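Read off the chains here:
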Amino acid sequence: MLDAVSLAAAIRSRQVSCVEVMSAYLDHIEKLNPQVNAIVALQDRGSLLAQAEERDRHIANGELLGPLHGFPLAVKDLAPVKGIPMTMGSPILKNFVPPADCITVERLRKAGAIFIGKTNTPEFGLGSHTYNPVYGPTRNAYDQSRSAGGSSGGAAVALALRMLPVADGSDFGGSLRNPAGWNNVFGFRTSAGLVPANAQDGWFPSMSVAGPMARNVPDLRLLLSVQAGYDSRAPLSAAGDGSVFSGRLETDLKGKRIAWSGDFKGYLPFEPGVLDVCECALQVFESMGCVVEQAQPDYSLDAVWRAWLTLRAWQAGGSLLTYYHHPSQRALLKPEAIFEVESGLKLTAFDISAALSVRTAWYQAVREFFEKYDYFIVPTAQLFPFDVDLHWPHEIAGKKMQTYHEWMKCVLPITMSGCPALAAPAGFGNEGLPIGIQIVGPLHSEVACLQLAYAYDIATRWSTTRLPGLLG
């Protein structure tokens, strides 16, 4: 139950051994994971304890590998970890074992983490609902009949149930933000290039970014300090390293101007109760001396949505082309994957260029918006967690959804802006289900987002005062 910062200090001072930590986590996982299916590909207990013993020998010799020394971690099943299966939720890859780590996993390993398995994700990360034909569904930490969100759903549930001290994730269309909001934890979609994920991306300007998830803001910062930093193998990665996050989180927020999206002037439908919970959260910022008013960037959100669909099909569909062109593998792809590929195949280079022009114009509108406001707050989802057996919501508040990701529209404009967005718990609806808010700042304002979220976390303590019932 220790938070990650406290756990690191306890290991460093030898108040607890790495073997004790590993044993406690594995016992806890054995008890709770069968009820939620958050952690998959769990590794052999004997091997994990042997690695923990090795970490203890390092400590005894005065060798601290890094801030995650001895931490049991499970990596999202979209990221390669050497020697551990990476299925990406697809039967096509059910027997694939990566020969090497990706960049972010390398950094976690170097920082002293011990990889106990993977966290569950939707097939190829498509859709903000974690279920797949390899491992099955991940169930919400607060109500096992409901969705965990996604695609970092396994990570969010594992955090909420204290089965991991921190967790990694990635975000294209809300994959760090929606599951965080639905499981009462924190997730941070970072600015492009801050966290280099995979050297194979090269010059490809993906809208997907990697980032941290945690139970509180100091823990979030701890993991981000390990993940962040330039790597020459990733030419689009940002200069610098994680040391930029070593400063104080406490700051004077009086007079900070916060814009609140609401329902984007009626553009987005919301399930009753969602906006009410989020607006109650806004009162916390006002109590800290912030000025909150309803506003949004001056640009067509429908144009942003249409451009996002194009860029999504180009990028997500393109990554699946190899499987699509192989008849036996195509038969194993879920309909949403087929949709992305076939939508992408219809595009021309001019279509993609036009969509990128819209994205650029939207970014400029958001940049100008932040000349007036310090932060922009948006809900993490348009509805509370839905039935775990539903593939995706087909309507919200009576409005039909035309695609499998239209119900995620409130997070997509933030993706298109490229700005950092820190998902924080907002509270609970009448049925006891959680929802969150996105704290959005200008490009590369991660420190400012952490500072506001820290003050908010201190004032609310949602993730520690409202624990899931499974924790007893």
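Everything below is about the structure printed above this text.
Residues numbered from 1 in each chain as written. Predicted model: local features only at pLDDT ≥ 70, side-chain atom pairs only at ≥ 80, totals over all residues. Heavy atoms only, no water.

Asks: Give me the lowdown on the environment of Gly-432, citing residues and values where you can.
Replies: Take Gly-432: it is sitting in the loop between strand S12 (421-428) and strand S13 (434-440). In this structure the C-alpha to C-alpha distance between Gly-432 and Tyr-142, which are 290 residues apart in sequence, comes to 7.9 Å. Setting aside residues no more than four positions away along its own chain, Gly-432 makes contact with Tyr-142 and Arg-466. (Helix = DSSP H or I, 4+ residues; strand = E, 2+ residues; numbered from the N terminus. Contact = heavy atoms within 4.5 Å.)

Asks: Could you give an account of the pairing of strand S9 (residues 375-379), naming the residues involved and the relevant values?
Replies: Among the five residues that make up S9, five are buried, leaving the element largely enclosed by the rest of the structure. Of the two faces of S9, the one holding Tyr-375, Ile-377 and Pro-379 and the one holding Phe-376 and Val-378 are both buried throughout. Alignment of strand S7 (residues 257-260) against S9, held across three bridges, turns out to be parallel. Each bridged residue has a counterpart across the sheet, and for Ala-259 the counterpart in S9 is Phe-376. Pairing geometry for S9 and S13, over four bridges, is antiparallel. Bridge pairing in S13 links Val-378 to Gln-438. (Buried < 20%, exposed > 50% of the residue type's maximum accessible area, 1.4 Å probe, protein only. Pairing = 2+ DSSP bridges.)

Asks: Run through the sheet that holds strand S1 (residues 39-40), naming residues and quoting values.
Replies: Taken together, three strands build an open sheet; the order of strands is S1-S3-S2 and the sheet is mixed. Strand pairing shows two members of the sheet lacking a second neighbour, S1 and strand S2 (72-76), which therefore form its edges. Of the pairings in the sheet, the one linking S1 to strand S3 (residues 114-119) comprises two bridges and is antiparallel in character. Paired with Val-40 across the strands is Lys-118, a residue of S3.

Asks: Could you give an account of the pattern of salt bridges, naming the residues involved and the relevant values?
Replies: Side chains that differ in sign of charge can pair as their charged atoms come close. For the structure on display, the rule yields 15 salt bridges. For Arg-248, the salt bridge goes to Glu-250, with nearest N and O atoms at 3.7 Å. Given the relative accessible area of 62%, Arg-248 is considered exposed. On the basis of relative accessibility, which here comes to 40%, the residue Glu-250 falls in the partly exposed class. (Salt bridge = Lys/Arg side-chain N within 4 Å of Asp/Glu carboxyl O.)

Asks: So, the packing of helix H2 (residues 18-36) against helix H3 (residues 45-60): which residues are in play, and what are the values?
Replies: Relative to each other, H2 and H3 sit at 155°, their axes nearing to 8 Å. One finds that H2 runs roughly antiparallel with respect to H3. In this structure, H2 meets H3 at a crossing whose hand is right-handed. On the side of H2, the interface is formed by Cys-18, Val-19, Met-22, Ser-23, Leu-26, Asp-27 and Glu-30, while H3 contributes Arg-45, Leu-48, Leu-49, Ala-52, Glu-53, Arg-55 and Asp-56. (Axes fitted to C-alpha atoms, helices over the stretch in contact; angles between N-to-C directions. Parallel < 35°, antiparallel > 145°, perpendicular 65-115°, else oblique. Left-handed = near helix turned anticlockwise from the far one by under 90°.)

Asks: Report on the nonpolar core, specifying residues and quantitative values.
Replies: In terms of nonpolar packing, the biggest core is built from 155 residues, with Leu-68, Phe-71, Phe-285 and Leu-422 touching the most fellow members. Residues within four places of Leu-68 in sequence aside, it is in contact with Leu-73, Leu-108, Ala-111, Gly-112, Ala-113, Leu-222, Leu-223 and Val-226. (Core = buried A, V, L, I, M, F, W, Y, C linked by side-chain atoms within 4.5 Å.)

Asks: Pulling in residues and values, what's your account of the sheet that holds strand S8 (residues 291-294)?
Replies: If you walk across this open sheet you meet the eight strands as S4-S6-S5-S12-S13-S9-S7-S8, and the pairing is mixed. Edge strands, defined here as strands with exactly one partner in the open sheet, are strand S4 (167-171) and S8. For this sheet the average axis-to-axis angle between neighbouring strands, irrespective of direction, equals 30°. For S12 and S13, the ladder comprises seven bridges, and the chain directions are antiparallel. Across the sheet, the residue bridging to Ala-424 is Ile-437, located in S13. Helix H8 (residues 274-287) contacts S7, S8, S9, S12 and S13 of the sheet and is inclined by roughly 50° relative to S13.

Asks: Tell me what's going on with the environment of Leu-471, and back it up with residues and numbers.
Replies: Inspection of the secondary structure assignment puts Leu-471 in the segment after helix H16 (462-465). Looking at Leu-471, the relative accessible area reads 21%, which means it is partly exposed. Leu-471 sits 311 residues away from Ala-160 along the chain, and the two C-alpha atoms are 9.4 Å apart. With residues up to four places along the chain from it excluded, the contact list for Leu-471 reads Met-1, His-28, Leu-32, Ala-160, Leu-161 and Arg-162.

Asks: An account of the pairing of S2 is needed here, citing residue identities and associated values.
Replies: Counting buried positions over the five residues of S2 gives five, a clear majority of the element. Pairing analysis gives five bridges linking S2 to S3, with the strands arranged parallel. Across the sheet, the residue bridging to Lys-76 is Thr-119, located in S3. A crossover links S2 with its parallel partner S3, the connecting element being helix H4 (residues 103-110), and its sense is right-handed. (Right-handed = clockwise from strand over helix to strand, strands pointing away.)

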